[in-house]
Protein chains: 2
Amino acid sequence: MFESAALGRTCDDKEYAETMQSLRMRLFEAQRQCLARKIPVLVTIAGLSGAGRGAVVNLLSEWMDSKHIHNDAFWMETDEERLRPPLWRYWRKLPAAGEIGVFLGGWYGPAVRLHCCGELTDSDFLSRLHRVRGLEASLADSGMAIVKLWLHLDKATYDLRHQHRLAHKEDYHFTPYDKKTAGNYDGLVASITTAITQTDRPQAPWTIVDAADANYRNLSVAQAIIAGMERAMAAQDAKAARVKQEKDGAASTVQEGLISTLDAIDLGISQEPQHYRKTLAALQEELYGLTYHAYQKGISSTLIFEGWDAAGKGGVIRRLTAGVDARITRVIPISAPSDEELAHHYLWRFWRHIPRAGFLTIYDRSWYGRVLVERVEELTPREDWSRAYAEINHFEEQLTENGNILLKFWLHISPEEQLRRFREREETPWKQYKITSEDWRNREKRDAYVPAADEMFLRTSTSYAPWHVIAAENKKYARLAVLRCYRDALRAALDRSAEKKPAGSKKKQRKGK
Amino acid sequence: MFESAALGRTCDDKEYAETMQSLRMRLFEAQRQCLARKIPVLVTIAGLSGAGRGAVVNLLSEWMDSKHIHNDAFWMETDEERLRPPLWRYWRKLPAAGEIGVFLGGWYGPAVRLHCCGELTDSDFLSRLHRVRGLEASLADSGMAIVKLWLHLDKATYDLRHQHRLAHKEDYHFTPYDKKTAGNYDGLVASITTAITQTDRPQAPWTIVDAADANYRNLSVAQAIIAGMERAMAAQDAKAARVKQEKDGAASTVQEGLISTLDAIDLGISQEPQHYRKTLAALQEELYGLTYHAYQKGISSTLIFEGWDAAGKGGVIRRLTAGVDARITRVIPISAPSDEELAHHYLWRFWRHIPRAGFLTIYDRSWYGRVLVERVEELTPREDWSRAYAEINHFEEQLTENGNILLKFWLHISPEEQLRRFREREETPWKQYKITSEDWRNREKRDAYVPAADEMFLRTSTSYAPWHVIAAENKKYARLAVLRCYRDALRAALDRSAEKKPAGSKKKQRKGK
């Protein structure tokens, strides 16, 4: 793979000065355009030590407007990072629209060095790369320019520089792995070869840079970045054309005559549950203990609530929070995004809220807005929301790893019951704020929401995060149903976690022998 | 202090239902007004265990629009928190304009419990409280409504409930300190008495709530919150009146004939430094090693750059970053705030960027914008920017604790040199973006900036963070001066940190005896 990067190509200073002059202008112009077009740019700079990663980072700030560039390095995870899905640390540093994020090592650095040291098995390494590939695809699809650079040195040059640094005591290591891998050229190259093979895709290609000669290296880097930004601009244009075409030829998205999943819900369950107060109190008391144990075991819960306006989401959520210690619970209502959130991938705002292990997070509306309101109100082009199903599944898969709980509730009521509740809200002084003209508008669009909800159930009911459609015509019934469902999920998760324990104690015994 | 909270007052259910109905309406209306007036509300709920802190938190979400309420609990610090100034963890959770932040325990919870357990000395406890008092004053001054509740129980009631929980195995502890303090009623009460005495101030008063009777407790809580929100609204009105009055009677803020600090700067130092390239390279090499060692010792550096447009800030910063490993460096250009940033105290955006211990952060423009551009352009009322000097000193004091470095540079050039550089920028293709109509406008306001800069030097040159005014008429001279200044500061900080070591080893010896 690296043969062409070891040809020892060079560029003399005079030629460099001339070529660089025009490349700089092009780089700068490309940055200006990305800023105007609100395209975020992610530049990953990975490479062998001594290949000049730091020098390249500094050059980028010199070549372009450094006010819109920020650098981030990733090495040892902090405990806040360790207690969340592994990609969380990268999500929170992703560049916003128009900004250039320079990731030193990026999501490759730690994985490659851990694998090279033998602290990451081949299969774990591959699964990380698989995940990264998915993330890059999703980011590129959302319009991000992705440039990935590997600064390479042939073995002889590498050894020479390594010896020189050792002799001059200039060997600076930021992680224990830097030191361990420094002497293992072949191992590092083998690991990065795997990483490149697994993640080299048209939307997020690798550029292998022959870094032995600094001038030649710098030219290659500049060219790769220009190419990446231009690729993203071309993709943006192509997409705009597709979206325009789709709009011109758009038919009504409301399909008549289809039978909805929701039709199958028996809304007749409307008799008053017996002993409601007592049952509720008992469930809450049980939940208090179960969530506390889940907290101690580091099992997170994410509960999301979707459904018709006035279906009783708020009421259910209040019964839930009343049953759980407020210190480990967080309710996140989802409304219009802030400008910082709008400047990122639509999942960014949800990633930033992910709590540490053990907490309960309740979403009042959620990331499903992408395929519900954004679809129905045509706020988002079809190709974006239709891609969201897979992105959401991928996201939820990460939320549910390590035995974490994710429950998705759709609270279902009939149009008649909704009308009754709207009227009641209008008449009760402290409920008036809950009813706005938007609610009435949404009500009129019910026919458009039904197929959107149907497709959502179909495409995002996964084995690890199925939908629970709750008949909410009777509020009390719905509340008990949700609390029971969560209780059962907690019990099951705690049982699974208890089953795992014996394996741990076995290990100890083995050590004891 | 708690005598009045132990009178055993109660409220029967009928009276409660009636009173609560009207209180609820008032609460809800106060929230609505705070939202409209963009007033953030901070409610601290502290209290003895068993006093119903969790129940109160849940009630708040029921009484008001829970979409604008978020709860946060603070207990064991994470390592990300431990490696930053102690108040960072609270800053990042502060409510935005119009939002209600409910802090369980808030900044009091951990301090009170640590002090009660004897893990925080009296003097450390007092110094924490002193700092918290300053923070609350600053937040209240910026318009935040601050409500602090202590839910109290008399000893007999407390013991009864504690025994009951033990008997029912309902003793849930989220930190080791919860458990340690649970049996020590007198100790807890002594610690909280100190905390309340030290931090009970008109703008951020404590309300001690007799929590033995749940109804009475709830009424007291609701009343205290209404009072806090109304206090903040009254303060907002009073301020608006003051600001209007000031504007009506405003004279020109440009004072003529004053001699500026800047006049004393010898801009004649403009001869080319000898061996510039060689000296620069040597300084950079030295900085590389020093910053690496500072990183290893956890000594952070913050360098901020202010000065006239085109004074060469960018050039100096590039020479700095070229001399430091990019992985431990972050350049933060400060321009217009985002809407999330605007919805918070003006220092919030700087708090959120504070890196972990050991890093170098370079600010291209900084929090001094508050007393420079915001003052000169009259973006901020006088009473706000004039208060900022003290707030900034307080902030910088926290940045420089534990031997951390903070250097503040003002790059100074003459108006003639500035004009020459503006012209040059206009003529150089890749520098054109650096010159905008705003730069020309700022240039015309130089006479207004000079007294603002003077007052800034006067009021914020502290022993721990003095200003360095650098003659920048000659760029090379300025670059070397800044790098030397940083090198000297690093050397001194590392020396101080090395001196501390022997004390540590002594302690070990003592243990050994």
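Everything discussed here concerns the structure shown above.
As the structure is a prediction and not an experimental result, all values here were calculated from the model. (Residues numbered from 1 in each chain as written. Chains lettered and ligands numbered in written order. Predicted model: local features only at pLDDT ≥ 70, side-chain atom pairs only at ≥ 80, totals over all residues. Heavy atoms only, no water.)

*Asks:* Which parts of the structure should I look at to understand the overall build of chain A?
*Replies:* In terms of regular secondary structure, chain A is built from 20 helices and ten strands. With respect to the principal axes defined by its C-alpha atoms, chain A has extents near 85 × 75 × 40 Å. For chain A, the residues scored as buried account for 54% of the 513 residues in total. Looking at chain A alone, contacts between residues at least 24 apart form 83% of all its contacts between residues at least 6 apart. (Helix = DSSP H or I, 4+ residues; strand = E, 2+ residues; numbered from the N terminus. Buried < 20%, exposed > 50% of the residue type's maximum accessible area, 1.4 Å probe, protein only. Contact = heavy atoms within 4.5 Å.)

*Asks:* Help me out: how do you make sense of the relation of the copies chain A and chain B in this one?
*Replies:* Copies of the same chain, two in number, are related to each other by a rotation about an axis and a translation along it. Expressed as a screw transformation, the operator carrying chain A onto chain B has a rotation angle of 180° and an axial translation of 0.0 Å, and the superposed copies differ by an RMSD of 0.0 Å. Such values leave the two copies arranged in the relation of a two-fold axis. Here 100% of the interface residues in chain A have copies in chain B that are interface residues too; the copies meet face to matching face. (Least-squares fit on C-alpha atoms with pLDDT ≥ 70 in both.)

*Asks:* Sorry if this is basic, but what is going on with the interface of chain A and chain B here?
*Replies:* Accessible area lost when the parts come together is the quantity often used to give the size of an interface. Contacts between chain A and chain B engage 56 residues on the former and 56 residues on the latter. Taken over both partners, the interface formed by chain A and chain B buries close to 5100 Å², and the fraction arising from carbon and sulfur atoms is 55%. It is Phe174, Arg327 and Trp430 of chain A that lose the most area in chain A upon contact with chain B, and together they represent 15% of the buried surface on that side. Counting the contacts that link chain A with chain B gives ten salt bridges. For Asp178 of chain B, the salt bridge identified is with Arg327 of chain A, shortest N-O distance 3.9 Å. Where chain A touches chain B, the interface holds 18 residue pairs in polar contact (both at pLDDT 80 or more). It is helix 2 (residues 53-63) of chain A that provides the largest number of residues to the side of chain A that touches chain B, a total of six residues. Considering only residue class, the side of chain A that touches chain B consists of 20 nonpolar, twelve polar and 24 charged. (Buried area = accessible area lost by both parts, 1.4 Å probe. Salt bridge = Lys/Arg side-chain N within 4 Å of Asp/Glu carboxyl O. Polar contact = N/O pair within 3.5 Å; in protein donor to acceptor, adjacent residues only side chain to side chain. Nonpolar A, V, L, I, M, F, W, Y, C, P; charged D, E, K, R; others polar.)

*Asks:* In this structure, what is going on with the packing of aromatic side chains? I would like to understand it.
*Replies:* The description of two aromatic rings rests on the distance between their centres and on the angle between their planes. Residue and element names in this part refer to chain B. Using the criterion set out here, one finds 42 aromatic pairs over all chains in the structure. Measuring from centroid to centroid gives 4.7 Å for Tyr108 and Trp206, while their planes differ by 65°, and the two rings are edge-to-face. Residue Tyr108 is located in the loop between strand 3 (100-104) and helix 5 (109-116), and its partner Trp206 is located in strand 5 (residues 206-210); the two are separated by 98 residues in the primary sequence. No difference in accessibility class separates Tyr108 from Trp206, as the two residues are buried. Measuring from centroid to centroid gives 5.0 Å for Phe422 and Trp440, while their planes differ by 80°, and the two rings are edge-to-face. Here Trp440 lies in helix 18 (residues 437-444) and Phe422 lies in helix 17 (residues 415-427), a separation of 18 residues in the sequence. (Phe/Tyr/Trp six-rings, centres within 6.5 Å; stacked < 30°, edge-to-face > 60°.)

*Asks:* How do you make sense of unusual backbone geometry when you look at a structure like this?
*Replies:* Glycine aside, residues mostly have negative phi, and peptide bonds are mostly found in the trans state. Residues and elements named next belong to chain A. One non-glycine residue, Glu378, lies in positive phi territory at about 55°. For Glu378, the position within the fold is in the loop between helix 15 (373-376) and helix 16 (382-399). When its relative accessible area of 55% is taken as the criterion, Glu378 is described as exposed. Positioned with a positive phi, Asn402 is a non-glycine residue whose angle comes to about 60°. On the secondary structure map, Asn402 appears in the loop between helix 16 and strand 9 (405-412). The exposed category is assigned to Asn402, whose relative accessible area is 69%.

*Asks:* Looking at this structure, how should I read the packing of helix 16 of chain A against helix 19 (residues 446-460) of chain A?
*Replies:* Packed helices, taken two at a time, are described by the angle their axes make and the gap between the axes. All names here are of chain A. Following both chains from N to C, one finds helix 16 and helix 19 inclined at 40°, their axes separated by 10 Å at the closest point. When the axis of helix 16 is compared with that of helix 19, the two are oblique. Crossing of helix 16 over helix 19 shows right-handed handedness. Between helix 16, through Trp385, Tyr389, Asn393 and Glu396, and helix 19, the contact on the second element is made entirely by Glu455, Met456, Arg459 and Thr460. Looking at the contact of helix 16 with helix 19, its residues break down into three nonpolar, two polar and three charged. (Axes fitted to C-alpha atoms, helices over the stretch in contact; angles between N-to-C directions. Parallel < 35°, antiparallel > 145°, perpendicular 65-115°, else oblique. Left-handed = near helix turned anticlockwise from the far one by under 90°.)

*Asks:* Teacher, can you tell me more about the environment of Leu120 of chain A here?
*Replies:* Residues and elements named next belong to chain A. Following the sequence through the fold, Leu120 ends up in the loop between helix 5 (109-116) and helix 6 (122-141). The exposure class of Leu120 is buried, given its relative accessible area of 9%. Put simply, Leu120 and Arg82 are 38 residues apart on the chain and 16 Å apart in space, counted from C-alpha to C-alpha. Once residues lying within four places of it in the same chain are set aside, the contact partners of Leu120 are Ala111, Leu114, His115, Phe125 and Arg128.

*Asks:* I keep staring at the pattern of salt bridges and nothing clicks. Help me out?
*Replies:* Any two side chains of opposite charge can pair if their charged atoms end up close together. All names here are of chain A. Scanning the model with the defined rule gives 78 salt bridges over all chains in all. One salt bridge in this structure joins Glu286 and Arg491, with 2.5 Å as the shortest N-O distance. With Glu286 in helix 11 (residues 276-297) and Arg491 in helix 20 (residues 475-512), this residue pair connects regions lying 205 residues apart in the sequence. Close ionic contact of Glu306 with Arg365 constitutes a salt bridge, the shortest N to O distance being 3.3 Å.

*Asks:* Looking at this structure, how should I read the sheet that holds strand 1 (residues 41-47) of chain A?
*Replies:* Sheet strands pair by backbone hydrogen bonding; their relative direction is either parallel or antiparallel. Residues and elements named next belong to chain A. The strand order across the open sheet built from five strands is 2-3-1-4-5, with neighbouring strands paired in parallel fashion. The open sheet has two edge strands, strand 2 (69-73) and strand 5 (206-210), and neither has a second partner. The mean inter-strand angle of the sheet, taken between neighbouring strand axes irrespective of direction, is 20°. The pairing of strand 2 with strand 3 (residues 100-104) spans five bridges and is classified as parallel. Paired with Ala73 across the two strands is Leu104, which belongs to strand 3. (Pairing = 2+ DSSP bridges.)

*Asks:* Would you mind showing me how to read the sheet that holds strand 5 of chain B here?
*Replies:* Residue and element names in this part refer to chain B. Pairing within the open sheet is parallel, and its five strands lie in the order 2-3-1-4-5. Each end of this open sheet is capped by a strand with a single partner; those strands are strand 2 (69-73) and strand 5. Adjacent strand axes in the sheet meet at a mean angle of 20° when their direction is disregarded.

*Asks:* Even after reading the chapter, I still don't get helix 6 of chain A, so can you show me in this structure?
*Replies:* In an α-helix, one full turn covers 3.6 residues, which means residues spaced three or four apart are oriented alike. All names here are of chain A. A rise of 1.5 Å per residue sets the reference length of helix 6, with its 20 residues, at 28 Å; its end C-alpha atoms lie 28 Å apart and thus fit the reference within 8%. Its buried side turned inward, helix 6 meets helix 4 (88-91), helix 5, strand 4 (145-152), helix 9 (185-199) and helix 16. Gly143 occupies a position one or two residues after helix 6 and carries a positive phi of about 110°. (Expected span 1.5 Å × (residues − 1).)

*Asks:* For this particular structure, what's the right way to read the nonpolar core?
*Replies:* Considering soluble globular proteins, one finds that nonpolar side chains tend to be buried as a cluster. Among the nonpolar cores identified, the biggest contains 151 residues, and Trp63, Trp107 and Trp367 of chain B are the most heavily contacted of them. Broken down by element, the residue count for this core peaks at eleven residues, all from helix 20 (residues 475-512) of chain B. The residues touching Trp107 of chain B, leaving out its near neighbours within four places in the chain, are Leu42, Tyr90, Leu94, Val132, Leu135, Glu136 and Leu139 of chain B. Within the second largest apolar cluster, 150 residues are counted, among which are Cys11, Met233, Ile328 and Leu372 of chain A. (Core = buried A, V, L, I, M, F, W, Y, C linked by side-chain atoms within 4.5 Å.)

*Asks:* Where do I start with the environment of Ser461 of chain A in this structure?
*Replies:* All names here are of chain A. Following the sequence through the fold, Ser461 ends up in the loop between helix 19 and strand 10 (467-471). Separated by 68 residues in sequence, Ser461 and Asn393 place their C-alpha atoms 8.6 Å apart. Ignoring anything within four residues of it in the chain, the contact list for Ser461 reads Met456, Pro466 and Trp467. At 3.3 Å, the side chain of Ser461 forms a polar contact with the backbone nitrogen of Trp467.

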